[in-house]
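Chains, contacts and geometry: an overview
Listed below, chain by chain, are the residues.
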Amino acid sequence: MSSNERPVEVNEINAAWSRRGASKDNGTRKDQVLSAETRLPRQRLGVNVDHVATLRNARGGHHPDPIRAAHLAVAAGADGITAHLREDRRHIRDDDMRRLKAELTCPLNFEMAATNEMLAIALQTLPHACCIVPERREERTTEGGLDVAGARNALKPVVDQLKNASIRISLFIEPDPAQIDAAAMIGADIVELHTGSYCENVLAVDSAAIQSELVRLTEAARHADARGLEVHAGHGLTFNSVEPVAAIPQIVELNIGHFLIGEAVFSGLTPAIGRMRRLMDAARSMGADD
Ligand code: PXP
């Protein structure tokens, strides 16, 4: 147990997770949520290195280097690296993205707003995937998912141009069937389900709200999978909140950043990623916590 998280949260989440099994009418009984097999396929872990750059930028020099952290993350078990080049360059900068692409051999997931500037940089960088996110200058982090249903006409040309360059397209959305349908309609390959509300409820130790967010995530993952979309999830996940999300069968990748980089201050990046990996694996095998 990390020093900054209270055991009660684990109990609350696990209680909520178990209670899903008792629910008769929401279609998310635990034995349906978890496959009949005892072990689900391994889930990929994408590590977001944005906040290594946040720390570096606090002093304006070169240390700590997010690319060095990316190499370490891969050595520690990350399957891919995510970085968000924000319009205001508050953390990752253009040269970081260029170096990540040049140096990494694992998939690079380029998070970006759907702007002409970012589209041009993505087409120059040619990452494995682009995850299109909403972006507002005044926000501290990506608050809420992309309104794909409301902005289909604006998003479609961006999606088309990236796809023409053989870049996989992920759209970061709320776990909402209307957004999933719109994502499928404009040709996305992947939807990344925003886990922010679920994680906030975990922090608030609100077990009813945790349960209802897990139902929403589970149903959205099923719906997206049925529409032929690959399903990812992320935002705000911690050691305490990761397992129930990792156990959703259709979710094949989690993207986790801030918590891992914060935890690295106390334990080092390698142990932090190793523990997250073990928790994900345990959830996929219906096994116990590490
Ligand atoms: N996925 C997306 C699309 C994000 O925008 C972020 C935050 O940059 C994350 C995952 C990771 O969130 P966190 O840093 O809270 O783990």
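So, here is what we can say about the structure in this document.

Analysis parameters
- Residues numbered from 1 in each chain as written.
- Predicted model: local features only at pLDDT ≥ 70, side-chain atom pairs only at ≥ 80, totals over all residues.
- Heavy atoms only, no water.
- Helix = DSSP H or I, 4+ residues; strand = E, 2+ residues; numbered from the N terminus.
- Buried < 20%, exposed > 50% of the residue type's maximum accessible area, 1.4 Å probe, protein only.
- Contact = heavy atoms within 4.5 Å.
- Areas by Shrake-Rupley, 256 points an atom, 1.4 Å probe, with all protein chains shown as cover.
- Near = heavy atom within 4 Å.
- Polar contact = N/O pair within 3.5 Å; in protein donor to acceptor, adjacent residues only side chain to side chain.
- Nonpolar A, V, L, I, M, F, W, Y, C, P; charged D, E, K, R; others polar.
- Core = buried A, V, L, I, M, F, W, Y, C linked by side-chain atoms within 4.5 Å.
- Lys, Arg positive; Asp, Glu negative; His and termini not counted.
- Salt bridge = Lys/Arg side-chain N within 4 Å of Asp/Glu carboxyl O.
- Pairing = 2+ DSSP bridges.
- Axes fitted to C-alpha atoms, helices over the stretch in contact; angles between N-to-C directions.
- Phe/Tyr/Trp six-rings, centres within 6.5 Å; stacked < 30°, edge-to-face > 60°.
- Lys NZ or Arg CZ within 6 Å of the ring centre and 35° of its normal.
- Arc of directions from axis to C-beta.

**Some details on the overall build of the protein chain**
If you tally the helices and strands in the protein chain, you get 13 helices and eight strands. For the protein chain, buried positions account for 53% of its 290 residues. Expressed as a percentage of contacts within the protein chain between residues at least 6 apart in sequence, the contacts between residues at least 24 apart total 68%. With the model as given, the accessible surface of the protein chain reaches about 12600 Å², and the carbon-plus-sulfur share is 51%.

**Quick word on the site of the ligand**
Around the ligand lies a shell of 14 residues, among which Glu111, Glu192, Gly236, Gly257 and His258 are the nearest. Separating an oxygen atom of the ligand from a backbone N or O atom of Gly236 is a distance of 2.8 Å. Between an oxygen atom of the ligand and a main-chain N or O atom of Gly257, the distance comes to 2.8 Å. Considering the ligand on its own, with 400 Å² of exposed area, one finds that the protein chains cover 95% of that surface. Taken together, the residues that form the shell around the ligand break down as four nonpolar, seven polar and three charged.

**Considerations on the nonpolar core**
Here is a general trend for soluble globular proteins: nonpolar side chains tend to be buried in one another's company. Core analysis: the biggest nonpolar cluster contains 78 residues, and Leu162, Leu171 and Leu254 have the highest contact counts within it. Among the elements that make up this core, the one with the highest residue count is helix H13 (residues 269-284) (seven residues). Residues within four places of Leu171 in sequence aside, it is in contact with Ile132, Leu146, Val148, Ala183, Ile186, Ala188, Ile190, Val191 and Glu192.

**Considering the side chain of Glu111**
In this fold, Glu111 is placed in strand E3 (residues 108-112). Among buried charged residues, Glu111 stands out as having no salt bridge; its nearest opposite-charge side chain is Arg86, 6.7 Å away.

**A few points about the sheet that holds E3**
Spatially, the eight strands close up into a barrel ordered E1-E2-E3-E4-E5-E6-E7-E8, and their pairing is parallel. The average angle at which neighbouring strand axes cross in this sheet is 25 degrees, direction not considered. Bridge analysis of strand E4 (residues 129-132) against strand E5 (residues 168-173) gives four bridges, and the strand direction is parallel. What sits directly across from Ile132, in E5, is Leu171. The sheet strands contacting helix H6 (residues 116-125) are E3 and E4, and the helix crosses E3 at an angle near 170 degrees.

**Notes on the packing of aromatic side chains**
The tally for this structure, following the rule as stated, stands at one aromatic pair. On the numbers, 4.8 Å between centres and 80 degrees between planes, the contact of Phe239 with Phe259 is edge-to-face. With a gap of 20 residues between them, Phe239 in the loop between strand E7 (230-234) and helix H11 (242-246) and Phe259 in helix H12 (residues 258-267) connect regions that are remote in the sequence. Considered together, Phe239 and Phe259 belong to a single accessibility category, that of buried residues. In this structure, Arg275 packs its charged tip against the face of Phe239, placed 4.6 Å from the ring centre.

**A closer look at H6**
Given 3.6 residues per turn, any residue in an α-helix points the same way as the ones three and four places further on. Here H6 has its buried residues at Met118, Leu119, Ile121, Ala122 and Thr125. Each buried residue of H6 sits inside an arc of 165 degrees when the element is viewed along its axis, so together they form one side. In this structure, H6 carries Asn116 and Gln124 as exposed residues pointing more than 90 degrees from its buried face. Those residues of H6 that are buried lie in contact with helix H5 (94-103), E3, E4 and helix H7 (152-164). After H6 finishes, the residue Leu126 shows a positive phi value of roughly 50 degrees.

**Structural notes on the side chain of Arg284**
Among the structural elements, Arg284 can be located in helix H13. The side chain of Arg284 is buried and forms no salt bridge, while Asp281, the nearest opposite charge, is found at 7.2 Å. Here Pro249 takes part through its backbone oxygen, which lies 3.3 Å from a polar atom of the side chain of Arg284.

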